[in-house]
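Structure assessment
So the chains spell out like this:
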Amino acid sequence: MSVVTEVSQDGKKLTISIEGRFDFGRHQEFRESYERLNSKPESIVVDLKKATYLDSSALGMLLLLRDHAGGDDSDIRVVNSSSDVKKILAISNFDKLFDIS
Amino acid sequence: MQSSSEPLTVLIAEDSAADRLLLSTIVRRQGHHVLTAADGAEAVDVYLEQRPHLVLMDAMMPVMDGFEAAQRIKQLAGDQLVPIIFLTSLTESEALARCLEAGGDDFLAKPYNQVILAAKIKAMDRLRRLQATVVEQRDQIARHHDYLLNEQRVAKAVFDKIAHSGCLSAPNIRYLQSPYALFNGDLLLAAFNPAGDMHVLLGDFTGHGLPAAVGAMPLAEVFYGMTAKGYGLAQILREMNAKLKRILPVDMFCCATLLCLSFQRCTVEIWNGGMPDGYLHDSLSGVRTPLPARHLPLGVLTPQLFDDRTEVHPMSLGDRVFLLSDGVIETSDRDDQPFGVERLQQVFSANREPDRLFEDIQQALRDFRGEARDDFSMVEVRLVAPTQLNPPPPVYSDSGQSSPLDWSVSFEFRAQTLKRFNPMPYLLQLLLEVHGLRAQSGALYSVMSELYSNALDHGVLGLDSSLKRDAAGFARYYSDRNTRLDELSDGYVRVHLHVSPNGEGGRLTIEVEDSGEGFDVARVLARPVDSDRLSGRGVSLVRQLSHQASWSDDGRRARVEFFWEALA
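Residues numbered from 1 in each chain as written. Chains lettered and ligands numbered in written order. Predicted model: local features only at pLDDT ≥ 70, side-chain atom pairs only at ≥ 80, totals over all residues.

**Re the overall build of chain B**
A count of helical and extended segments in chain B gives 18 helices and 20 strands. Computed over its C-alpha atoms, the radius of gyration of chain B comes to 39 Å, more than 25% above the 24 Å expected for a compact globule of 568 residues. The dimensions of chain B, computed from C-alpha atoms along their principal axes, are 125 × 55 × 45 Å. In chain B, buried positions account for 39% of the 568 residues. Across chain B, every contact between residues at least 6 apart in sequence was considered, and the portion connecting residues at least 24 apart equals 68%. (Helix = DSSP H or I, 4+ residues; strand = E, 2+ residues; numbered from the N terminus. Rg over C-alpha atoms; globule rule 2.2 N^0.38 Å. Buried ≥ 20, exposed ≤ 12 C-beta atoms within 10 Å, placed from the backbone. Contact = placed C-beta atoms within 7 Å.)

Have a look at this one:
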């Protein structure tokens, strides 16, 4: 599995971890990771520790997730981005939409 | 699972009548339909006429032996699998191998074992069906592929037209797009506005293929339409963003750099949302100033949150602005390492001949990777003297018979409006209803824009134009301007237009008033008309392009006139 989902015990926090290339090939898995949940988590963490690459369709997927989680009211953190991944997120100015570390 | 006991038509080619009869009986008893042939030639004929599913072929036969018959039948069958089982009393392995080499799929040794024969027919039938399915699916895929290619070809032709209906062929533009860059979502647009300024957009839609190209159409429409009408970058950007946000799915957006190159003011105004750094290349010092992305791509933010703030940089003749798509820096080598910005900058520093920059970059990409990606775009726009360009005259569709010739109108634009609305395109559209003014629409637009921005910047906002003496001051000027505009709570700009007949032609008087402090008219007008200075360009431009330019009320009120002769 290259997209691993984990929900905290109280059900409030969803962690989605991506392994390998984060591109269009992950589309289905990524969407399912949050759409199949019964209850909506309060906060979401996207862990990119094991992500090696990220393309513009991945950015689109992050936007989908943000939209699903309530758009401007969503609480999404993108964590453990490598420097290459951070560069891509910075060029796109996605730090204006997501809390990126 | 599909029933495997479906009756087959089996051809038995056997020269011995007794064996033929024996085999026929066995096979028929297993539920199949039987055809027979007494030699190879006959077997080929029967195959041609009746197209049996499977062939039991004796190897040694008169007229034509089984080997040759097998070869012919296989040839005739083409993509279809017609299993051929050789019937043989041969035992040497070499002879058996020959059966398979001739196209046989299996062999059965004499004397026949009924159980094994039945099992072999079943196995061969499975193979036959598998092959049929594969062929059917292959043909289906090929058909779909053809449809798709054709659709892409048509769509590409349409998009190519859209992307090339502007002024990309202007002598100061150089661009390089891989043939299918557009189909990978890259878009390059260029057009002149009524003042002769050039707008250029390099965009990159998310994703690939047709979905990425569909957004190009509305974006191009907004770009060309609004540029032709004289809208500024901020308004065009707002409209593009709102339109894309409205029509595109959430996960689709368009990274874009939009710039306005003003040949009269010698400036470039630029907005970069999500594209790689562009570069402003100073031709004298060789310094390349990065033009980084300061904004989210188009189509992400709601109109309320969208940020249309642009940056303005001074330029000199011969300076260039270079833009590129991420296809260039994300081209990867065999180890998945991207080409990257640092390598690009190395190419910059090694570049000796500015006109060969594209070639140098391409060479570097080839050296790096061995093959070029098919989705990269580069464009370079040079600041040249306005006389080197020939913006096409605007096209008007009306006859002009109803041209209004005697009227006046006054507007007052107050603080809340000044903050985000540029009334110039509307006023220009209004004035261009007057046929006699159309021939000078460029000068008219430039003068009106200058008067308006002078009234707003120096009048209402109280910005000191001498700040623009050098590049650093230039940047400060525009950042101060943004701040003051944000904080603006009162003030106004008034525009009075007066059109009246004058002999056979007519006269237009434009007056622009502002609520500012005014300026020392005598001192400013005493300065020589100097085209190399960055500051005070507005006033000299106005004086060059219009008649009777004058300032009154301590510089708070500007007045210019335009004349036209009788229309032919």
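The structure having been displayed, the exposition proceeds.
**Here's the deal with the domain arrangement of chain B**
All names here are of chain B. If you check the domain split of chain B, you get domain 1 (9-135), domain 2 (164-388) and domain 3 (407-564). Just the C-alpha atoms count here: the centres of domain 2 and domain 3 sit 30 Å apart. With 15 residues of domain 2 at the interface, the matching set in domain 3 holds 17 residues. At four residues, the largest contribution of residues to the side of domain 2 that touches domain 3 is made by strand β13 (residues 311-314). Residue composition of the side of domain 2 that touches domain 3, grouped by class: five nonpolar, six polar and four charged. (Domains from an automatic or database assignment. Nonpolar A, V, L, I, M, F, W, Y, C, P; charged D, E, K, R; others polar.)

**Quick word on the sheet that holds strand β12 (residues 288-291) of chain B**
All names here are of chain B. Read across the sheet, five strands follow the order β6-β15-β14-β11-β12 without closing on themselves; strand pairing throughout is antiparallel. Strand pairing shows two members of the sheet lacking a second neighbour, β6 (173-177) and β12, which therefore form its edges. Here the strands of the sheet are splayed against their neighbours by 15 degrees on average, with no regard to which way each runs. Pairing of β6 with strand β15 (residues 377-382), which is carried by five bridges, proceeds in the antiparallel orientation. Residue tyrosine 175 lies in a different strand from β15, and its bridge partner there is valine 379. (Pairing = 2+ DSSP bridges. Axes fitted to C-alpha atoms, helices over the stretch in contact; angles between N-to-C directions.)

**Remarks on the packing of helix α13 (residues 424-431) of chain B against helix α15 (residues 441-460) of chain B**
All names here are of chain B. Contact pair α13 / α15: the axes reach a minimum separation of 10 Å and the direction vectors enclose 145 degrees. In the crossing of α13 with α15, the sense of the turn from one axis to the other is right-handed. Residue-level contacts link Met424, Leu427, Leu428 and Leu431 of α13 to Leu444, Tyr445, Met448, Ser449 and Tyr452 of α15. Its residues placed into classes, the contact of α13 with α15 shows eight nonpolar, one polar and no charged. (Left-handed = near helix turned anticlockwise from the far one by under 90°.)

**What about the sheet that holds strand β8 (residues 198-205) of chain B?**
Residues and elements named next belong to chain B. Taken in spatial order, the five strands make up an open sheet running β7-β8-β9-β10-β13, and their pairing is antiparallel. The open sheet has two edge strands, β7 (186-192) and β13, and neither has a second partner. Adjacent strand axes in the sheet meet at a mean angle of 15 degrees, parallel and antiparallel pairs treated alike. Of the strand pairs in this sheet, β8 and strand β9 (residues 254-262) are connected by eight bridges, and their pairing is antiparallel. The partner of phenylalanine 205 across the bridge, within β9, is cysteine 254.

**What to know about helix α11 (residues 357-369) of chain B**
For α11 of chain B, which comprises 13 residues, the first-to-last C-alpha distance of 18 Å matches the rise-based estimate of 18 Å (1.5 Å per residue) to within 8%. Buried residues belonging to α11 of chain B abut α9 (326-329), α10 (340-350) and β15 of chain B. (Expected span 1.5 Å × (residues − 1).)

**Overview of the pairing of strand β2 (residues 33-37) of chain B**
Residue and element names in this part refer to chain B. In this structure, strand β1 (residues 9-13) lies alongside β2, joined through five bridges in parallel fashion. Along β2, the bridge assignment pairs leucine 11 with leucine 35. Read as a crossover between parallel neighbours, the route from β1 over helix α1 (residues 17-29) to β2 is right-handed. (Right-handed = clockwise from strand over helix to strand, strands pointing away.)

**Things to note about the interface of chain B and chain A**
Facing the 13 residues of chain B at the interface are 13 residues of chain A. Residues belonging to the side of chain B that touches chain A are distributed by class as follows: eight nonpolar, four polar and one charged.

**As for the nonpolar core**
Residues and elements named next belong to chain B. One finds Leu219, Phe223, Ile236 and Leu261 to be the most contacted residues of the largest nonpolar core, which totals 93 residues. Considering every element that reaches this core, the biggest residue donor is β9, with seven residues. If near-sequence neighbours (up to four positions away) are discounted, phenylalanine 223 is found in contact with Leu189, Ala191, Leu201 and Ile236. In terms of nonpolar packing, the next biggest core, distinct from the first, is built from 38 residues, Leu463, Tyr477, Val512 and Val560 among them. (Core = buried A, V, L, I, M, F, W, Y, C linked by C-beta atoms within 7 Å.)

**Quick notes on the pairing of strand β5 (residues 106-109) of chain B**
All names here are of chain B. Pairing of strand β4 (residues 84-88) with β5, which is carried by four bridges, proceeds in the parallel orientation. From the neighbouring strand, isoleucine 85 faces β5, where its bridge partner is aspartate 106. Following the backbone out of β4, through helix α4 (residues 93-101) and into the adjacent parallel β5, one traces a crossover that is right-handed.

**Describing helix α2 (residues 56-68) of chain A**
All names here are of chain A. Taking 1.5 Å per residue as the helical rise, α2 with its 13 residues ought to reach 18 Å, and the 18 Å between its terminal C-alpha atoms agrees with that figure. With 10 of its 13 residues buried, α2 lies for the most part within the structure. All buried positions along α2 are accounted for by Ser56, Ser57, Ala58, Leu59, Gly60, Met61, Leu62, Leu63, Leu65 and Arg66. Close packing links the buried residues of α2 with β2 (13-22), α1 (27-35), β3 (43-54) and β4 (76-79). Glycine 70 occupies a position one or two residues after α2 and carries a positive phi of about 110 degrees.

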